[in-house]
Amino acid sequence: MKIAYSPCPNDTFVFHALVHGLIPGTPSFDVTYADIDITNNLSASSNELDIMKISYAALPWIAPEYKLVPCGGALGRGCGPLVLTADGNGAGDASRLSGKRVAVPSERSTAYLLFRLWAAQNVPGGVAEIVVMPFHEIMPAVRDGLIDAGLVIHEARFTYQNYGLSQVVDLGNWWESDTGLPIPLGAIIARRSLDLTAIREWIQASVAYAWEHPDVSRGYVLEHAQEMDPSVAQSHIDLYVNDFTADLGDDGFAAVTTLLQRAMDEDLVPKMDLATLR
């Protein structure tokens, strides 16, 4: 069975047991490690992969063959994307982004939708240009003056000060205060032709195994963590792997539908029937 997810610590932690044959009764897996911008576009153009990790923001683009699996993803509180600049005087001042060029890791990401929804409310006249680049290139580009501001995700929450950057806004804090809901970041989807109940059970068992045996996956996590410091990798896991990873639940589904409805209202994503997510 073919599966694709990012090399980020939360994904490798969650899927380690599943793809290493530690969950009884599961098939063997052929793993593709891919940046979220790649998987978001794969989900719209290819059905060769059986299971994929994508952004919740990419759900409106997924092929009819795919269905949301309500576990294994990343959704929570206190884990939102940040908007950064190299100007220390710009902290908290959204107006400084007016007419500026902003780098984002994907135009089909929750981070991007949160940024656009926030900017529509807070940036006078809007930004001038959105530039897509791999997320690990964004902070150096902001630091070096190649871009005016950057939207960052993942471990950049913990390392941006190392680049001399300052935070304009924590979009997670904005979203939570505006909606009262957790932030829907990464989703797991699977082809509808597969046994979705079984896939859900496999992934939930893999999450449970990871929590029960955290040391077993450590080597695998660090192998794919792009030379990340082990303490940063663990902070990443602690932040993004939580109860919503085991099961979305009502609050999780409410977060997803609220995000997508607001995005549809702003014509940021294609229209879809949100009732089909369950």
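Thresholds applied
Residues numbered from 1 in each chain as written. Predicted model: local features only at pLDDT ≥ 70, side-chain atom pairs only at ≥ 80, totals over all residues. Heavy atoms only, no water. Helix = DSSP H or I, 4+ residues; strand = E, 2+ residues; numbered from the N terminus. Pairing = 2+ DSSP bridges. Axes fitted to C-alpha atoms, helices over the stretch in contact; angles between N-to-C directions. Contact = heavy atoms within 4.5 Å. Parallel < 35°, antiparallel > 145°, perpendicular 65-115°, else oblique. Left-handed = near helix turned anticlockwise from the far one by under 90°. Nonpolar A, V, L, I, M, F, W, Y, C, P; charged D, E, K, R; others polar. Buried < 20%, exposed > 50% of the residue type's maximum accessible area, 1.4 Å probe, protein only. pLDDT = per-residue confidence, 0-100. Salt bridge = Lys/Arg side-chain N within 4 Å of Asp/Glu carboxyl O.

Undergrad: Looking at this structure, I do not really get unusual backbone geometry. What am I missing?
TA: Most of the time, phi is negative for any residue but glycine, and the peptide bond is trans. Of note in the backbone geometry, Asp267 takes a positive phi value of approximately 60° without being a glycine. Summarising the element assignment, Asp267 is placed in the segment after helix H11 (249-265).

Undergrad: Just to check I follow, could you spell out the sheet that holds strand S1 (residues 2-5) for this structure?
TA: In a beta sheet, neighbouring strands are held together by backbone hydrogen bonds and run either parallel or antiparallel to one another. Taken together, the five strands give an open sheet; going across it, the order is S2-S1-S3-S10-S4, and neighbouring strands pair in mixed fashion. Looking at the sheet topology across the chains shown, the edges are occupied by strand S2 (30-33) and strand S4 (66-76). Ignoring which end each strand starts from, the neighbouring axes of this sheet average 25° apart. By the bridge criterion, seven bridges tie S4 to strand S10 (residues 183-191) in an arrangement that is antiparallel. Note that in S10 the partner of Lys67 across the bridge is Ala190. On top of the sheet, H11 reaches S4 and S10; it is set at about 105° to S4, its chief contact.

Undergrad: Quick question: what am I supposed to make of the packing of helix H1 (residues 9-19) against helix H7 (residues 196-212) here?
TA: Geometrically, a packed helix pair is captured by the angle between its two axes and the distance between the axes. Between H1 and H7, whose axes approach to 7 Å, the crossing angle comes to 110°. In terms of orientation, H1 and H7 fall into the roughly perpendicular class. Read as a crossing pair, H1 and H7 show a hand that is right-handed. Residues Phe13, Val14, Phe15, His16, Ala17 and Leu18 of H1 form the contact with H7, whose own contacting residues are Trp202, Ile203, Ser206, Val207, Tyr209, Ala210 and Trp211. Within the contact of H1 with H7, the residues separate by chemical class into eleven nonpolar, two polar and no charged.

Undergrad: Sorry, what's going on with the sheet that holds strand S9 (residues 166-170) here?
TA: Spatial strand order, S7-S6-S8-S5-S9: five strands in an open sheet with mixed pairing. Two strands close off the open sheet at either side, each with one partner strand: strand S7 (129-132) and S9. Shown here is a sheet whose adjacent strand axes are inclined to one another by a mean of 25°, direction ignored. As paired strands, strand S5 (residues 82-85) and S9 are joined by four bridges and run antiparallel to one another.

Undergrad: Please explain the pairing of strand S8 (residues 149-152) as it appears in this structure.
TA: For a regular strand, side chains alternate in direction, first toward one face of the sheet and then toward the other. Across the two faces of S8 the burial is the same, with Ala149 and Leu151 and Gly150 and Val152 all buried. Bridging between strand S6 (residues 101-104) and S8 involves two bridges; their strand directions are parallel. When the bridges of S8 are listed, Ala103 appears paired with Gly150.

Undergrad: In this structure, what is going on with the environment of Pro134? I would like to understand it.
TA: Of note, Pro134 is situated in the loop between S7 and helix H4 (135-143). Note: C-alpha distance between Pro134 and Arg262 (128 residues apart in sequence) is 26 Å.

Undergrad: Please clarify how the confidence of the model for the protein should be interpreted in this entry.
TA: Should pLDDT be low for a region, the predicted coordinates there are not to be read in detail. Scored by pLDDT, the protein comes out at a mean of 90, with 96% of its residues at no less than 70. Confidence, read as mean pLDDT per element, is least for helix H2 (residues 36-45) in the protein (72) and greatest for H7 (98).

Undergrad: Help me out: how do you make sense of the pattern of salt bridges in this one?
TA: Applying the stated criterion across every chain yields a total of ten salt bridges. Of the charged contacts, one joins Arg101 and Glu129 as a salt bridge, the two residues approaching to 2.9 Å between their closest N and O atoms. Separated by 28 residues along the polypeptide, Arg101 in strand S6 and Glu129 in strand S7 bring together distant segments of the chain. Residue Glu129 is classed as partly exposed on the basis of its relative accessible area, which comes to 37%. Of the charged contacts, one joins Lys271 and Asp267 as a salt bridge, the two residues approaching to 3.9 Å between their closest N and O atoms. Its relative accessible area of 57% is what places Lys271 among the exposed residues. The exposure class of Asp267 is exposed, given its relative accessible area of 61%.

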